[in-house]
Amino acid sequence: MDTITPENISRPRPKTGILEIEAYVGGKASVDGVAEPIKLSSNENVLGSSPHARAAFEQNAGKLHVYPDGKAGVLRDAVSAEFGLEPERLIFGCGSDEVFTLLAQTYCEPGDNVVQGQYGFLAYRIAGRAAQAEVRFAPMPRLRFDVDQALALVDDRTRILFLDNPGNPTGGWLHRDEVERLHRNLPGGCILVLDGAYAEFVDDPGFSDGLDLARHAENIVVTRTFSKIHGLAALRVGWGYGPAQMISAMERIRSPFNVNLPAQFAAVAALGDKDFQAQSRALILQWRPWLTQQLGGLGLEVMPSQGNFVLVGFPREDGRSAQAAEAFLASRGVLVRGLGNYGIPDHLRITIGLEAHNRKVVEALADFVGQPG
Ligand SMILES: Cc1ncc(COP(=O)(O)O)c(C=O)c1O
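Residues numbered from 1 in each chain as written. Predicted model: local features only at pLDDT ≥ 70, side-chain atom pairs only at ≥ 80, totals over all residues. Heavy atoms only, no water.

Chemist: Mind showing me how you'd approach the overall build of the chain here?
Modeler: In terms of helices and strands, the chain carries 13 helices and 13 strands. On C-alpha atoms alone, the chain measures out to a radius of gyration of 21 Å, which is about the 21 Å that the 2.2 N^0.38 rule sets for 373 residues. Each principal axis of the C-alpha distribution contributes one length, and for the chain these read about 60 × 55 × 50 Å. For the chain, the proportion of its 373 residues judged to be buried stands at 52%. Put simply, the chain shows about 16600 Å² of open surface, and 53% of that area lies on carbon and sulfur atoms. (Helix = DSSP H or I, 4+ residues; strand = E, 2+ residues; numbered from the N terminus. Rg over C-alpha atoms; globule rule 2.2 N^0.38 Å. Buried < 20%, exposed > 50% of the residue type's maximum accessible area, 1.4 Å probe, protein only. Areas by Shrake-Rupley, 256 points an atom, 1.4 Å probe, with all protein chains shown as cover.)

Chemist: Got a minute to help me understand the sheet that holds strand β9 (residues 301–302) in this structure?
Modeler: Strand order in the open sheet formed by four strands is β9-β10-β13-β12, with antiparallel pairing between adjacent strands. The sheet is open, and its two edges are formed by β9 and β12 (337–338), each paired on a single side. As paired elements, β12 and strand β13 (residues 347–351) share two bridges and run antiparallel to each other. Directly across from Gly338, in β13, lies its bridge partner Leu348. Packing against the sheet, helix α12 (residues 322–331) makes contact with β12 and β13, and its axis sits at approximately 35° to β13. (Pairing = 2+ DSSP bridges. Contact = heavy atoms within 4.5 Å. Axes fitted to C-alpha atoms, helices over the stretch in contact; angles between N-to-C directions.)

Chemist: Can you help me understand the site of the ligand in this one?
Modeler: The local shell around the ligand holds 14 residues, among which Ser96, Asp195, Tyr198, Thr225 and Ser227 are the closest. A distance of 2.7 Å separates an oxygen atom of the ligand from a polar side-chain atom of Tyr198. A distance of 2.6 Å separates an oxygen atom of the ligand from a polar atom in the side chain of Ser227. The protein chains hide 94% of the 400 Å² of surface that the ligand would expose on its own. Here the element with the most residues in the shell around the ligand is helix α4 (residues 96–107); it accounts for three residues. Along the lines of polarity and charge, the residues of the shell around the ligand split into four nonpolar, five polar and five charged. (Near = heavy atom within 4 Å. Polar contact = N/O pair within 3.5 Å; in protein donor to acceptor, adjacent residues only side chain to side chain. Nonpolar A, V, L, I, M, F, W, Y, C, P; charged D, E, K, R; others polar.)

Chemist: What should I look at first to understand the domain arrangement of the chain in this one?
Modeler: The parts lose accessible area when they come together, and the size of an interface is often stated as this lost area. Partitioning the chain into domains gives domain 1 (6–48 + 275–370) and domain 2 (51–273). Summarising the inter-unit geometry, the C-alpha centres of domain 1 and domain 2 are found 23 Å apart. Between domain 1 and domain 2, a total of about 3000 Å² is buried, with carbon and sulfur atoms accounting for 59% of that surface. At the surface where domain 1 touches domain 2, the tally comes to one salt bridge. For Asp203, the salt bridge identified is with Arg288, shortest N-O distance 3.4 Å. The interface formed by domain 1 and domain 2 contains 21 residue pairs in polar contact (both at pLDDT 80 or more). Those elements that provide at least two residues to the side of domain 1 that touches domain 2 are α11 (274–297), β10 (309–313) and β13. Per element, the largest residue contribution to the side of domain 1 that touches domain 2 is eight residues, and it comes from α11. In the side of domain 1 that touches domain 2, the residues fall into 14 nonpolar, 14 polar and six charged. (Domains from an automatic or database assignment. Buried area = accessible area lost by both parts, 1.4 Å probe. Salt bridge = Lys/Arg side-chain N within 4 Å of Asp/Glu carboxyl O.)

Chemist: Is there a simple way to explain the environment of Asn168 in this structure?
Modeler: Tracing the chain through its elements places Asn168 in the loop between β5 (158–164) and α7 (176–184). Sequence separation between Asn168 and Leu311 is 143 residues; the distance between their C-alpha atoms is 9.2 Å. If sequence neighbours within four positions are ignored, Asn168 has contacts with Asn43, Tyr119, Gly120, Phe121, Tyr198, Phe309, Tyr342 and Arg349. Engagement of the side chain of Asn168 in a polar contact is seen with the side chain of Arg349, the distance being 2.7 Å.

Chemist: Help me understand the packing of helix α3 (residues 73–83) against helix α10 (residues 261–272) in this model?
Modeler: The description of two packed helices rests on the angle between their axes and on the distance between the axes. The geometry of α3 relative to α10 is characterised by a closest axis approach of 8 Å and an angle of 20° between their N-to-C directions. When the axes of α3 and α10 are compared, the pair comes out roughly parallel. Here α3 and α10 pass one another in a crossing that is left-handed. Residue-level contacts link Gly73, Val74, Leu75, Ala78, Val79, Glu82 and Phe83 of α3 to Gln264, Phe265, Ala267, Val268 and Leu271 of α10. In terms of residue class, the contact of α3 with α10 is built from nine nonpolar, two polar and one charged. (Parallel < 35°, antiparallel > 145°, perpendicular 65-115°, else oblique. Left-handed = near helix turned anticlockwise from the far one by under 90°.)

Rendered as structure tokens:
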């Protein structure tokens, strides 16, 4: 026990490790002097959301005084039917972010560790540290997740290995056989989290969303979100699919009414709107290669991406840094994501936009690159 001093009895103190956590900072939403900037900083759906989802949300506006169904029954049935999954193996969260937190809170204690890629999604490290686990970062050579590097960090206190596939912010992805190899080599007590937030935007036939693998595994949880292809980021709905006993353990600490009522109905309607999903996917599949090729043509380094965004590398030295490019784009009314907090300050992440947005990005970056140095 700590010695009692005037300092530590005079005010509440967060538990060990909390003050070492860097709070999550979302993409910029405004810039001085621009009334309606083009927001390409948060990997949102630039088509908005399904009109059916909006209608369902509005239809439930008269029920704001009523608690939602804590089990998210209508949504559970819809997800179960859509993906062919056992309803009792699903858990719903206030965004998939909450599912990561529930996993870490349920499975980690001091002395445990979690493993993630060096440039993996920021929410994992927050979830792990909040549960007082050590977070181990597997090196990602050339910004790619490397199965052997990750496995090298796993020991008998590794409770969770988080894999964003495709990855944010890199856009990189692992093929089905690599995911299977990763899983085969994990000890049974380590949970493999396969985060498929961007799975619907993948067009590589070698990719799998992992649901088939999870079906027969005792230690895989697949997570998905309504924030991306369905454009419901504001409503905060995500889900996880895992072994029944894992879901049952997590359910014990889930906040009872964590997915709000209009969100549940909007998500069901979104799931049913195949046209909107097809349009959202088609937009990305059309403009992702275009942006990759155009920005590459400007001499910038563009990572191959399977997400709804591209990662663009800028030279470090000649005055055309990523920070300068971010400021230049902002001055043209385009907001993108700087990646200092991911440890890749010489890159920017740019959400794929509507045609006019994408053309504006390329035009602006052509001007930026062509400026006298
Ligand atoms: C890889 C990845 N996983 C999960 C999420 C979070 O999704 P949600 O909005 O469901 O919390 C994001 C959001 O940007 C993401 O990039």
